[in-house]
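Structural overview
This is what each chain is made of:
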Amino acid sequence: MANRCLCCQQPTDVEGRYHAKCLKALWGKAIAPKIPFAAKDLPEKVTASADHMSISGVQAKALVRLNADTSEIEFAPKGSTHILKPEPNEYPGLPAMENVCMAMAETLGMNVPPHGLFPMSDGRLCYIVKRFDRTEDGGKIQSETMYQLLGSTDKYKGSLEAVGKAIRAHAENIGLDTIDFFERVLLCFLFGNGDMHLKNWAFFIRAKKPALAPVYDFVSSRVYFKKEDDSALTINAKKNKLKRPDFESLANDLKIDPKAGANSFEKMKKAQEKLRELAIYSELNPSMRQDFEDVMAERYRRLFPQ
């Protein structure tokens, strides 16, 4: 069996574990940089609030860039081009989980920034994603999260209908961004991402034209939290026991044409085997792969009952 690329997770027959095109998209040239430090060398992680455990809240992150002279990754508090996330002890395999979930979004044609898995000096894989809030010359792209836009004081309080309404009110390309948002909601449900709160939905504003920001922080949190809500934000006034009619209600609320909505559901249905394959051949350990596969199978049954 062919190796899988540690960026896109698709098969590769070349030497090593990376497609040249994936490395070039991520680093500007086809090299797999060396990381001369380990997770223990990163700054102390930020702890999550006691009332709501959030993976993103406890995961250490480092702002980094590629040193062109040494081909090594270096810390860059200023002028960073990438974000590095090591494997937290509390959540084994989390870099592999985020990478495969992002690869799933990529497979479905979503706007996904270049990303990949790379070994740190202790041999453990970390997840690296290219900063998409920066221009090629290092300038900052204006962004605004739904937490800011909706004037929220709690990122876990709100509805996906309200997020959709904000998209329809502000997006330059209402039709495309609304469908994009809806399909991201469906995918997050299918692979068990119950942590898509208000800070995980955002706008980019270029030349005063707002557009939905690229996909970020996609993980199957359900694999780690067995009793987690289906959704961080309500859908059809619910966070749990979500089924097909709840998502149809959301599509209706978003004013998505019934035919376009049906096409989005069909797109997800047809992708089931591809997504399952990505989970099976991911860098997760066998037990977590099975848990991940089980979560997706159960969610598919709910969204596409026989």
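In this report, we go over the structure that sits alongside the text. (Residues numbered from 1 in each chain as written. Predicted model: local features only at pLDDT ≥ 70, side-chain atom pairs only at ≥ 80, totals over all residues. Heavy atoms only, no water.)

Quick word on the state of the cysteines
We count it as follows: What counts as a disulfide here is a pair of cysteine sulfur atoms lying within 2.5 Å. Exposure is judged per residue with a 1.4 Å probe applied to protein chains only, and the accessible area is read against the type maximum: over 50% gives exposed, under 20% gives buried, and values in between give partly exposed.
Within this structure, the stated rule accounts for 0 disulfides. Cysteine cysteine 8 is unpaired, with the sulfur of cysteine 22 as its nearest cysteine sulfur at 3.8 Å. The exposure class of cysteine 8 is buried, given its relative accessible area of 11%. Cysteine cysteine 101 remains unbridged, with the sulfur of cysteine 188 as its closest cysteine sulfur at 8.4 Å. With relative accessibility at 0%, the residue cysteine 101 sits in the buried group.

Considerations on the pairing of strand β3 (residues 62-67)
What counts, and what does not: The pairing criterion for strands is at least two bridges between them, as found by DSSP. Put simply, DSSP H or I for four residues or longer makes a helix, DSSP E for two residues or longer makes a strand, and each gets a number counted from the N terminus.
In terms of strand pairing, β3 meets strand β5 (residues 82-85) through 3 bridges, oriented antiparallel. Residue leucine 63 lies in a different strand from β5, and its bridge partner there is isoleucine 83. For β3 and strand β4 (residues 72-75), the ladder comprises 4 bridges, and the chain directions are antiparallel. Within β4, the residue paired with valine 64 across the bridge is phenylalanine 75. Turn length for the β3-β4 hairpin, with the two strands adjacent in sequence and antiparallel, is 4 residues, and the turn residue serine 71 shows positive phi of about 60°.

Some thoughts on helix α6 (residues 174-191)
This is how the line gets drawn: Under the convention used throughout, the expected extent of a helix is 1.5 Å for every residue step, that is, one less than its residue count.
The end-to-end C-alpha separation of α6 is 26 Å, in line with the 26 Å expected for 18 residues at 1.5 Å each. Taken from the residues just after α6, glycine 192 is the one with a positive phi, measuring 85°.

With respect to the pairing of strand β7 (residues 125-130)
In this sheet, β7 lies alongside β5 in antiparallel orientation, the contact comprising 4 bridges. What sits directly across from histidine 82, in β7, is lysine 130. As judged from the 5 bridges shared by strand β6 (residues 115-119) and β7, these two strands associate in the antiparallel manner. Each bridged residue has a counterpart across the sheet, and for leucine 117 the counterpart in β7 is tyrosine 127. Taken together, β6 and the strand that follows it, β7, pair antiparallel across an intervening segment of 5 residues, in which glycine 123 is found at a positive phi of about 90°.

Considerations on the packing of α6 against helix α10 (residues 286-303)
Put simply, the rule reads: Helix axes are fitted only over the stretch in contact, all axes being lines through C-alpha atoms; the angle between N-to-C directions runs from 0 to 180 degrees. Any angle that is under 35 degrees is reported as roughly parallel, and any over 145 degrees as roughly antiparallel; angles of 65 to 115 degrees are reported as roughly perpendicular and all others as oblique. Residue contacts are counted whenever heavy atoms from the two residues lie within 4.5 Å of one another. Under the grouping applied here, Gly and all other residues not named as nonpolar or charged are polar, the nonpolar ones being Ala, Val, Leu, Ile, Met, Phe, Trp, Tyr, Cys and Pro and the charged ones Asp, Glu, Lys and Arg.
Contact pair α6 / α10: the axes reach a minimum separation of 7 Å and the direction vectors enclose 125°. Comparing their axes, α10 and α6 come out oblique. In this structure, α6 contributes Leu186, Phe189, Leu190 and Phe191 to the contact, and α10 contributes Phe292, Val295, Met296, Arg299, Tyr300, Arg302 and Leu303. In terms of residue class, the contact of α6 with α10 is made up of 9 nonpolar, no polar and 2 charged.

Brief notes about the layout of surface pockets
Put simply, the test is: Lining residues are defined by having an atom within 4 Å of a point belonging to a cavity or pocket. Those points lie on a 1 Å grid over the protein atoms alone, cavities being sets where a 1.4 Å probe fits but cannot get out and pockets being open sets with protein on both sides within 12 Å along at least five of seven lines. Grid points are joined across faces, edges and corners, and a volume is the space filled by probe spheres set on the points.
Taken as a whole, the second largest pocket spans an internal volume of roughly 520 Å³. Of all the secondary structure elements, the ones that give two or more residues to the lining of the second largest pocket are α1 (20-27), β9 (202-206) and β10 (209-212). Grouping the amino acids of the lining of the second largest pocket by side-chain chemistry returns 13 nonpolar, 8 polar and 5 charged.

A look at the environment of isoleucine 83
When you line up the elements, isoleucine 83 lands in strand β5. Measuring from C-alpha to C-alpha, the distance between isoleucine 83 and valine 129 comes to 5.5 Å, with 46 residues separating the pair along the chain. Residue contacts for isoleucine 83: discarding those within four places in its chain leaves Lys61, Ala62, Leu63, Tyr127, Ile128, Val129 and Arg131.

Thoughts on the nonpolar core
Inclusion rule: Residues belong to one nonpolar core when they are buried, are Ala, Val, Leu, Ile, Met, Phe, Trp, Tyr or Cys, and are joined through side-chain atoms within 4.5 Å.
Leu84, Met97, Phe218 and Phe292 are the most contacted members of the largest nonpolar core, which has 84 residues in total. It is α6 that contributes the most residues to this core, 9 residues altogether. Ignoring anything within four residues of it in the chain, the contact list for phenylalanine 292 reads Met97, Val100, Cys101, Met104, Phe191, Ser220, Val223, Ala279 and Leu284. Within the second largest apolar cluster, 5 residues are counted, among which are Ile141, Ala202, Ala213 and Tyr216.

A few points about the pattern of salt bridges
Using the following cut-off: In the sections that follow, a salt bridge refers to a side-chain nitrogen of Lys or Arg positioned within 4 Å of a carboxyl oxygen of Asp or Glu.
Tallied over the entire structure, the rule returns 21 salt bridges. Put simply, arginine 302 and aspartate 230 hold a salt bridge, and the shortest N to O gap is 2.8 Å. In this pair, arginine 302 sits in helix α10 while aspartate 230 sits in the loop between β10 and α7 (244-253), placing the two residues 72 residues apart along the sequence. Assessed through its relative accessible area of 15%, arginine 302 is described here as buried. You can call aspartate 230 buried: its relative accessible area is 5%. A salt bridge links glutamate 298 to arginine 299; its shortest N-O distance comes to 3.5 Å. On the basis of relative accessibility, which here comes to 31%, the residue glutamate 298 falls in the partly exposed class. For arginine 299, a relative accessible area of 2% puts it in the buried group. A network of salt bridges, in which partner residues are shared, links Asp230, Glu298, Arg299 and Arg302.

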